[in-house]
Amino acid sequence: MRQPVQRRSIDKRRDLLAAAARVFAEKGFYRTTVEDITTLAGVGRGAFYHYFNNGKSDAATAVVTEGFTMDAAVPQIPRIQSVVDASIALATLTPVVPVVKAAARLATEQDHPAFYGHLIRLYIPQVTELIQQAKELGELQPGVDPALTAEAWVMLYSGTDQHARLDYRRLPEKIAAANAVIVRGIVTPETALQLDMSVARGDWLVRQSRWAEEYLQGLEAAASANGGPAQPSSTAIDV
């Protein structure tokens, strides 16, 4: 039975976006060509431009928009756990899921303002709001400025992500350590005792998220490539 036209159209765009993500993750924006994407997707240039009118720029913007979300930042008590969760979940996804990995790379390519710094622009306002709520709930030490703290936290994440790209598998571990540095300086001792700062929490969060299927597929692909099971780290971080 043939699929409805609308369903086939959605599937084709999804396949193109997945192909674009894989190529962008490997080559970056400027070294990627439309032919790279269409060859991997198994479609012609006409189909590509049907979905992405402005060529690879539109495809890159779609990848960045899809790849950066704060799915895990649901309200938690302590509220500061929500910020920890958002960062460790993203760090867990990035080395494994191509569209998230590609979004991270594209968002640091300075010559393209459409998506350069997208993570920073997206996350800082949301993190600021969560830290403000944490302050109102009495979770923070006196004198902590939510806006300045959010900017520092997101910038630390971005810098850590770029530094980890030589060995992306260690990104969750590095982000967990960076989170601990920030948290030690802003939360009360009582709040610190309630937080789960572990790398394993990132794996658990992602397995409950909309990314679960792609994440598990990515782990299986890594296991196959490495000749053994790909197990996420369970490193514990003391606050």
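Our structure's up above, just so we're on the same page.
Novice: I'm lost on the overall build of the protein in this one. Help?
Specialist: Across its full length, the protein carries 12 helices and 0 strands. In the protein, the order of α-helices and β-strands from amino to carboxyl end is α-α-α-α-α-α-α-α-α-α-α-α. Here the protein, with 239 residues, has 47% of them falling under the buried criterion. The long-range share in the protein, meaning contacts at least 24 apart out of those at least 6 apart in sequence, stands at 69%. For the protein, the accessible area works out to roughly 12200 Å², and carbon and sulfur atoms hold 53% of it.

Novice: Help me out: how do you make sense of the pattern of salt bridges in this one?
Specialist: Any two side chains of opposite charge can pair, on the condition that their charged atoms come close. Tallying each qualifying case throughout the model produces 11 salt bridges. The salt bridge involving Asp11 is made with Arg14; its shortest N-O contact spans 3.4 Å. Of the two residues, Asp11 and Arg14 both sit in helix 1 (residues 5–31), 3 residues apart, roughly one turn of that helix. For Asp11, a relative accessible area of 12% puts it in the buried group. By relative accessible area, Arg14 is classed as partly exposed at 48%. Between Arg170 and Glu173 there is a salt bridge whose closest N-O contact spans 3.2 Å. Classification of Arg170 by relative accessible area gives partly exposed; the value is 36%.

Novice: I keep staring at the packing of aromatic side chains and nothing clicks. Help me out?
Specialist: Centre-to-centre distance and the angle between the planes together describe a pair of aromatic rings. Summed over all chains, the structure comprises 4 aromatic pairs. Between Phe24 and Phe29, the aromatic rings sit 6.1 Å apart at their centres with planes inclined by 20°, giving stacked as the arrangement. Accessibility classification places Phe24 together with Phe29 in one group, the buried group. On the basis of an interplanar angle of 85° and a centroid distance of 5.4 Å, the ring pair of Phe48 and Tyr49 is categorised as edge-to-face. For Tyr49, a relative accessible area of 30% gives the class partly exposed. Taken together, the ring pairs connect Phe24, Phe29 and Tyr30 into an aromatic cluster. Cation over ring: Lys56 sits above Phe29, and NZ or CZ is 4.5 Å from the ring centre.

Novice: Just checking my understanding: could you explain unusual backbone geometry for this structure?
Specialist: Leaving glycine aside, a negative phi is the common case for residues, and trans is the common case for peptide bonds. Following Ile77, the chain continues into Pro78 via a peptide bond in cis, with omega recorded as 0°. Along the chain, the position of Pro78 falls in the loop between helix 4 (56–67) and helix 5 (80–93).

Novice: I'm lost on helix 12 (residues 212–226) in this one. Help?
Specialist: For an α-helix, 3.6 residues make a turn, and residues three or four places apart therefore share a direction. Taking 1.5 Å of rise per residue, the 15 residues of helix 12 would be expected to cover 21 Å, and the 21 Å separating its terminal C-alpha atoms lies within 8% of that figure. Those residues of helix 12 that are buried lie in contact with helix 5 and helix 11 (199–207).

Novice: I keep staring at the nonpolar core and nothing clicks. Help me out?
Specialist: Membership of the largest hydrophobic core comes to 69 residues, with the highest contact counts inside it found for Phe24, Val63, Ile80 and Trp153. By residue number, the principal contributor to this core is helix 1, which donates 9 residues. What Phe24 contacts, discounting residues up to four positions off in sequence, is Phe29, Thr32, Ile37, Lys56, Ala59, Ala60, Val63, Ala102, Arg105 and Leu106.

Novice: I'm lost on the packing of helix 11 against helix 12 in this one. Help?
Specialist: Between two packed helices, both the angle of their axes relative to each other and the distance between the axes serve to describe the pair. The N-to-C vectors of helix 11 and helix 12 enclose an angle of 125°; their axes lie 8 Å apart at closest approach. The pairing of helix 11 with helix 12 is recorded here as oblique in orientation. For the pair helix 11 and helix 12, contact is made by Asp203, Val206 and Arg207 and by Ala212, Tyr215, Leu216 and Leu219, respectively. In terms of residue class, the contact of helix 11 with helix 12 is made up of 5 nonpolar, no polar and 2 charged.

Novice: Sorry if this is basic, but what is going on with the packing of helix 8 (residues 146–163) against helix 9 (residues 171–186) here?
Specialist: Between helix 8 and helix 9, whose axes approach to 10 Å, the crossing angle comes to 155°. On the basis of their axis angle, the class for helix 8 and helix 9 is roughly antiparallel. Considering the relative orientation of helix 8 and helix 9, their crossing is right-handed. Within the contact between the two elements, helix 8 uses Thr149, Trp153, Leu156, Tyr157, Thr160, Asp161 and His163 and helix 9 uses Leu171, Lys174, Ile175, Ala178, Asn179, Ile182, Val183 and Ile186. For the contact of helix 8 with helix 9, the per-class residue count stands at 9 nonpolar, 4 polar and 2 charged.

Conventions used here
- Sequence order as written defines the numbering, with residues in each chain counted from 1.
- pLDDT decides what is reported in this predicted model: residues at 70 or higher carry local features, side-chain atom pairs at 80 or more are listed and counted, and totals for whole chains, interfaces and linings draw on all residues regardless.
- Here the side-chain values reflect all heavy atoms present in the structure, with hydrogen atoms and water set aside.
- Where helices and strands are cited, they refer to DSSP runs of H or I of at least four residues and of E of at least two residues respectively, numbered from the N terminus.
- Only protein chains enter the accessibility calculation, which uses a 1.4 Å probe; a residue whose area is less than 20% of its type maximum is buried, one above 50% is exposed, and one in between is partly exposed.
- Note on contacts: a residue pair qualifies if any of its non-hydrogen atoms lie within 4.5 Å across the two residues.
- Accessibility throughout is a Shrake-Rupley quantity obtained with a 1.4 Å probe, and a residue counts as covered only by protein chains that appear here.
- By salt bridge we mean one thing: a side-chain nitrogen of Lys or Arg within 4 Å of a carboxyl oxygen of Asp or Glu.
- Note on aromatic pairs: the rings of Phe, Tyr and Trp (six-membered ring only in Trp) are paired at centre separations within 6.5 Å, and the planes decide the class, stacked below 30 degrees, edge-to-face beyond 60, tilted for the rest.
- Whether a charge sits over a ring depends on NZ of Lys or CZ of Arg being within 6 Å of the ring centre and within 35 degrees of the ring normal.
- Multiplying 1.5 Å by the helix residue count minus one yields the expected span of that helix.
- In this description, a nonpolar core means a group of buried Ala, Val, Leu, Ile, Met, Phe, Trp, Tyr and Cys residues linked to one another through side-chain atoms lying within 4.5 Å.
- A fitted line through C-alpha atoms represents every axis, and for helices the fit uses only the stretch in contact; the resulting angles, taken between N-to-C directions, go from 0 to 180 degrees.
- An angle below 35 degrees is read as roughly parallel, one above 145 as roughly antiparallel, one from 65 to 115 as roughly perpendicular, and any other as oblique.
- Residues were grouped as follows: Ala, Val, Leu, Ile, Met, Phe, Trp, Tyr, Cys and Pro as nonpolar; Asp, Glu, Lys and Arg as charged; and all remaining residues, including Gly, as polar.
- The sense of a crossing depends on the near helix, which, turned anticlockwise from the far helix by less than a right angle, makes the crossing left-handed and, turned clockwise, makes it right-handed.

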